[in-house]
Amino acid sequence: MEIEVFGDFSDPGCKASFLFFNLSNKIVCQDNPSTSKVGEYEQEYRLSHFGREYAIYRTFRIVDKTPPAIQLHGDLEMTLSSIDFFEEQGYAAFDNYDGDLTSAVTASREYDESTSTCIITYTVADSSGNAAHAQRRVSVQDVVPPQLVLQGNAEIYTHAAKFVDPGYSAWDDLEGDLTSEVLITSNYEPCTEGDFAFTYSVSDGSGNTVSASRLVHVSDNTPPRLSLLGNATIKIYTGEKFADPGVKASDDFDGNVSDKVVTEGEVDCNTVGTYTITYSVADAAGNTSQLTRSVVVAAAPVILDVPYIDQRSRWPNGCESVSTVMALQYAGIDISVDTFIDNYLDMSELPYYDDNGQRWGYSPWEYFVGDPRASTGLCCYAPVIKKACDKFIFSYGHSAQLISGGTLDSLCRDYVDKGKPVVVWATVQMKAPYLNGKKWTIVGTDTVFKWTSPVHCMLLTGHDDTYFYFNDPLSGKNVKYSRVKSETAFAGMFSQAIVIS
């Protein structure tokens, strides 16, 4: 007889009789067997009758025919892009006799390519061999869209005429990097103010699509770029015409805006001075730029073409006489250097020492000290030359004007610009004048004369805004020297000059 474990046992009992007598009520049976343990058991039935013992036996089998129960955690049906992404959600197994069988559960997979379905079967058996099964169905379909990530903000404010996208990236769980597949659509127009929408989208091979958007606000606050054509400072001379080389202007949004440049300022080409030309331009957004140019109107160069005489071959120290003769000849007076020296120039002997060792000599303000033709000759100053000229010049209808003080610049304005060269005292090559230590006492006085070196006399023939020009008896015709150095040398030699009028 079979009884389900833990089942209820009902003894069917047994019968006994002798002849016509029912003896069943005399049968003695042991306690009912327990159903809590699987196994085979015997039940004994005994009868005593007239001193004799009778027994029969019934075999009971306690069996387990109830299979375990498997409970799957999570979804029994799910959809994944790949079975590789499946993560077990768990299960439990329990048997009515063996108890917890979770650790005995086995799982197997079977893939149906026709339906792209993976069936995961969970199996467990109890100690009696009763088996239980449960299944989970995983549909393998790519339903996961790619990931699309925008670099930078989703809303951008910019003043750039040409928007540079900060970038993006796209990634799919099956196909990997899809950044190169991203499509961008936009109403954006370069070099245009406004609000522009950018839409980014990407799809994987299964048609899963993802999109993202960015809003870009473009405004122009950048002024146009102005650049001068030509130099920032232009110099012209009086009487010349000023031709403005102009400017060029460009704007990030409006492009070439040179035609919108406004020019202000005037140049008086006949008046010396510095003038400012102002260029202004505005773009469509109202941003403005301004640039200036300086126009320097300088006095036109004046260089007189005075015949040149070189002192070096015959009059090594006769610069005063040579310069004066050049001025006389330019005025139309026919005279030679030798005639001027021999007939009109007052000369004195060189300084000398007396018996007491005191050095005496004559003043260059009154005489040419020494001989202009000799290497030992010294010099004379402007009054000596005027005195020489006064001995003959009036007969030619001219005069020699002695000038003391002033500047070379004033001599140019007052005389050279009017066609009159000027005999001036300065230094050799316009070196800074200095006292060289030579001195003597003027004959007949107590006055001590101190020699300023390196004294030199030249004929001022021209000027411009940078140089003065001289017929330099030691260097050549119309030799130019720096205005600053020349003024220093002229002032250092007492600002003295002679003009033939």
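Placed above this text is the structure.
Everything in this summary refers to the structure shown in the same document. (Residues numbered from 1 in each chain as written. Predicted model: local features only at pLDDT ≥ 70, side-chain atom pairs only at ≥ 80, totals over all residues. Heavy atoms only, no water.)

Right, let's get into the sheet that holds strand E6 (residues 52-63). Strand pairing within a sheet occurs via backbone hydrogen bonds; the two strands may be parallel or antiparallel. The strand order E1-E6-E5-E4 describes an open sheet built from 4 strands, whose pairing is mixed. In this open sheet, the two edge strands, each paired with only one partner strand, are strand E1 (2-4) and strand E4 (28-29). (Pairing = 2+ DSSP bridges. Helix = DSSP H or I, 4+ residues; strand = E, 2+ residues; numbered from the N terminus.)

Attention now moves to the nonpolar core. Side chains of a nonpolar character, in soluble globular proteins, are inclined to be buried together. Counting residues in hydrophobic clusters, the biggest one holds 61 residues, and the most contacted among them are Phe340, Leu411, Val422, Val424, Trp425, Leu460 and Phe470. When residues in this core are grouped by element, the largest group, 6 residues, is from helix H1 (residues 319-330). If we ignore the near neighbours within four places in the chain, the residues touching Leu460 are Leu408, Leu411, Cys412, Val416, Pro421, Val422, Val424, Phe468, Tyr469 and Phe470. By size, the runner-up hydrophobic cluster in this structure holds 18 residues, among which are Leu148, Ile156, Tyr188 and Phe196. (Core = buried A, V, L, I, M, F, W, Y, C linked by side-chain atoms within 4.5 Å. Buried < 20%, exposed > 50% of the residue type's maximum accessible area, 1.4 Å probe, protein only. Contact = heavy atoms within 4.5 Å.)

We now examine the pattern of salt bridges. Two side chains of opposite charge can pair, provided their charged atoms sit close to one another. Within the structure shown, the criterion is met by 19 salt bridges. Across the salt bridge formed by Arg61 and Glu2, the nearest N and O atoms sit 3.3 Å from each other. Pair noted here: Arg61 is in strand E6 and Glu2 is in strand E1, with a separation of 59 residues, a long-range link. For Arg61, a relative accessible area of 33% corresponds to the partly exposed category. Put simply, Lys477 and Asp305 hold a salt bridge, and the shortest N to O gap is 2.3 Å. Taken together, the residues span a long stretch of sequence, with Lys477 in strand E39 (residues 476-482) and Asp305 in the loop between strand E28 (302-303) and H1 at a distance of 172 residues. By relative accessible area, which is 56% here, Asp305 ends up exposed. (Salt bridge = Lys/Arg side-chain N within 4 Å of Asp/Glu carboxyl O.)

The grouping of Phe18, Leu19, Phe20, Phe21 and Phe50 at the surface amounts to a nonpolar patch, some 730 Å² of accessible area in total. Along the chain, Phe18 falls in strand E2 (residues 17-18). Assessed through its relative accessible area of 39%, Phe18 is described here as partly exposed. (Patch = residues over 30% accessible without salt bridge, like charges linked within 9 Å, V, L, I, M, F, W, Y side chains within 5 Å. Areas by Shrake-Rupley, 256 points an atom, 1.4 Å probe, with all protein chains shown as cover.)

So, on to the pairing of strand E19 (residues 194-203). One face of the sheet, then the other: side chains in a regular strand alternate in exactly this way. Relative to E19, strand E18 (residues 183-186) runs antiparallel, the two being bridged by 4 bridges. Within E19, the position partnered with Thr185 by the bridge is Thr199. Examined bridge by bridge, E19 and strand E20 (residues 209-218) share 10 bridges and lie antiparallel to one another. In the strand pairing of E20, Phe198 is matched with Arg214.

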